[in-house]
Amino acid sequence: MKKVLITGVNGLLGQKLVHLLDKDEQYNVLATARGESRLPSGSAVEYSSLDVTDEKSVKALIHSYNPDVVIHTAAMTNVDACEDEEQACDLLNVQSVRFIAEALAGSSAQIIHISTDFIFDGLNGPYDEDAEANALSVYGQSKLDSEKVLEQSGVHYCILRTILVYGILPDLSRSNFILWSKSNLEKNKSINVVDDQFRSPTLAEDLAMACKLAMDKKAQGVFNVSGPETFSILELVKMVADHWKLDQSLIGTVTTAELGQKAHRPARTGFILDKAIAELSFKPTSFKVSLDLIEQQLNHVNQTSK
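Residues numbered from 1 in each chain as written. Predicted model: local features only at pLDDT ≥ 70, side-chain atom pairs only at ≥ 80, totals over all residues. Heavy atoms only, no water.

S.K.: Lay out the overall build of the protein in plain terms, naming residues and giving numbers.
M.R.: A tally of helices and strands in the protein yields 11 helices and 13 strands. A globule of 306 residues ought to have a C-alpha radius of gyration of about 19 Å, and the protein, at 19 Å, matches this closely. Burial analysis of the protein (306 residues in total) assigns 55% to the buried set. Taking as baseline every contact in the protein between residues at least 6 positions apart, the subset at least 24 positions apart corresponds to 79%. (Helix = DSSP H or I, 4+ residues; strand = E, 2+ residues; numbered from the N terminus. Rg over C-alpha atoms; globule rule 2.2 N^0.38 Å. Buried < 20%, exposed > 50% of the residue type's maximum accessible area, 1.4 Å probe, protein only. Contact = heavy atoms within 4.5 Å.)

S.K.: Please provide a residue-by-residue account of the packing of helix H6 (residues 177-186) against helix H11 (residues 287-304), values included.
M.R.: The N-to-C vectors of H6 and H11 enclose an angle of 65°; their axes lie 12 Å apart at closest approach. With respect to their mutual orientation, H6 and H11 come out roughly perpendicular. Both H6 and H11 take part in a crossing whose hand is right-handed. Contacts from Phe177, Ile178 and Lys182 in H6 reach Phe287, Leu291, Ile294 and Leu298 in H11. Partitioned by chemical class, the residues of the contact of H6 with H11 number six nonpolar, no polar and one charged. (Axes fitted to C-alpha atoms, helices over the stretch in contact; angles between N-to-C directions. Parallel < 35°, antiparallel > 145°, perpendicular 65-115°, else oblique. Left-handed = near helix turned anticlockwise from the far one by under 90°. Nonpolar A, V, L, I, M, F, W, Y, C, P; charged D, E, K, R; others polar.)

S.K.: Give me the lowdown on the pattern of salt bridges, citing residues and values where you can.
M.R.: Pairs can form between side chains of opposite charge once their charged atoms are near each other. Enumeration over the complete set of coordinates arrives at 11 salt bridges. The partner of Lys16 in a salt bridge is Glu205, and the shortest N-O contact between them spans 2.8 Å. Here the residue Lys16 occupies a position in helix H1 (residues 12-21), and Glu205 occupies one in helix H7 (residues 204-216), the gap between them amounting to 189 residues. Close ionic contact of Asp216 with Lys212 constitutes a salt bridge, the shortest N to O distance being 2.9 Å. Of this pair, Asp216 and Lys212 both sit in helix H7, four residues apart, roughly one helical turn. Note on Lys212: relative accessible area 15%, which makes it buried. Among the charged side chains, a salt-bridge network with shared partners connects Glu55, Lys59 and Glu102. (Salt bridge = Lys/Arg side-chain N within 4 Å of Asp/Glu carboxyl O.)

S.K.: Describe H6, naming the residues involved and giving the relevant values.
M.R.: When you tally the buried positions in H6, you get seven out of 10 residues, the bulk of the element. All of the buried residues along H6 are Phe177, Ile178, Leu179, Ser181, Lys182, Asn184 and Leu185. Where H6 is buried, its residues contact strand E7 (165-166), strand E8 (191-194), helix H8 (233-243), strand E13 (251-254) and H11. Just past H6, the residue Asn188 takes up positive phi, approximately 60°.

S.K.: Which residues make up the packing of aromatic side chains, and what values do they have?
M.R.: Across all of its chains, the model carries seven aromatic pairs by this definition. Where Phe120 meets Phe271, the ring centres are 6.5 Å apart and the plane angle is 80°; that geometry is what we call edge-to-face. Placement of Phe120 in the loop between strand E5 (110-116) and helix H5 (138-151) and of Phe271 in the loop between helix H9 (256-259) and helix H10 (274-280) is noted, with a sequence separation of 151 residues between them. For the residue pair Phe120 and Phe271, the accessibility class agrees, reading buried in each case. A ring pair is formed by Phe231 and Phe287, whose centres lie 6.1 Å apart and whose planes are at 50°; its orientation type is tilted. Of this pair, Phe231 sits in strand E12 (residues 231-232) while Phe287 sits in helix H11; the two residues are 56 residues apart in sequence, bridging distant segments of the chain. (Phe/Tyr/Trp six-rings, centres within 6.5 Å; stacked < 30°, edge-to-face > 60°.)

S.K.: Got a sec to walk through the side chain of Gln197? Specific residues and values, please.
M.R.: Inspection of the secondary structure puts Gln197 in the loop between E8 and strand E9 (198-199). Look at Gln197 and you get buried, because its relative accessible area is 6%. Side chain to side chain, Gln197 and Arg199 meet in a polar contact 3.2 Å long. (Polar contact = N/O pair within 3.5 Å; in protein donor to acceptor, adjacent residues only side chain to side chain.)

S.K.: Give me the state of the cysteines: which residues, what numbers.
M.R.: Taken as a whole and assessed by the stated rule, the structure comprises zero disulfides. Unpaired in terms of disulfides, Cys89 finds its nearest cysteine sulfur in Cys82, a separation of 3.5 Å. (Disulfide = S-S within 2.5 Å.)

Take a look at the structure:
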């Protein structure tokens, strides 16, 4: 039985990981997050509160649990907030990685760490794993710095870079572009959507499975993990509207410059997935197929909440 410690389990990816590993007898999972557990009732997974920015707590828990694998999903991902709170961003996105790596030093344990397309400037997408990084934002730079921490640590690391993760949970604390656009259009609210940013959106279940594959194969190094197609954000929102037969005339367009967001975003990213497909047996889900899955999940949530 493999002992797996997961950070950030109250988030979307963390919850999907718990769901994936919960009933699998190959794994003994310790789920951690800051504050109270939000794991579904009936989960057999053990939970422990953990603030990954607290060095002593991180090292004490890792030394006592002695995991074979740490899957580190906890992160500060609000890109604009990172511009305002650089110190908090560095602590959560960089120093927490250092604390975990130091706690694992000298062991054979693997750390699986989540990184991002925002380490790139968006001028030459799609990117492979060896492309030169040039972050445009505090958030992107923090994730690039976290990669460097692992590369220099001497521990067994696997970095999974991903893009625009989406999905649903019964009590999702943060929305994502699918739920935001669907909710507003259902209320007949007009929305403005950026039309000059291009991404390869990633289904949360796919990213969770990539973590499991990387763990099972004891993968080392950097892997790109995302959806298989690249769309503009506008195209994505229109596909959401089309799927649920919502009024597309409510969708307006705005440029990145007009939007005036605090953090600079890369214009066009997207990933070349050949390495993850060949070495991890990663099988990305198309966006249209994922919308069918999300509709099924939403229907299930609505039925069980009645």
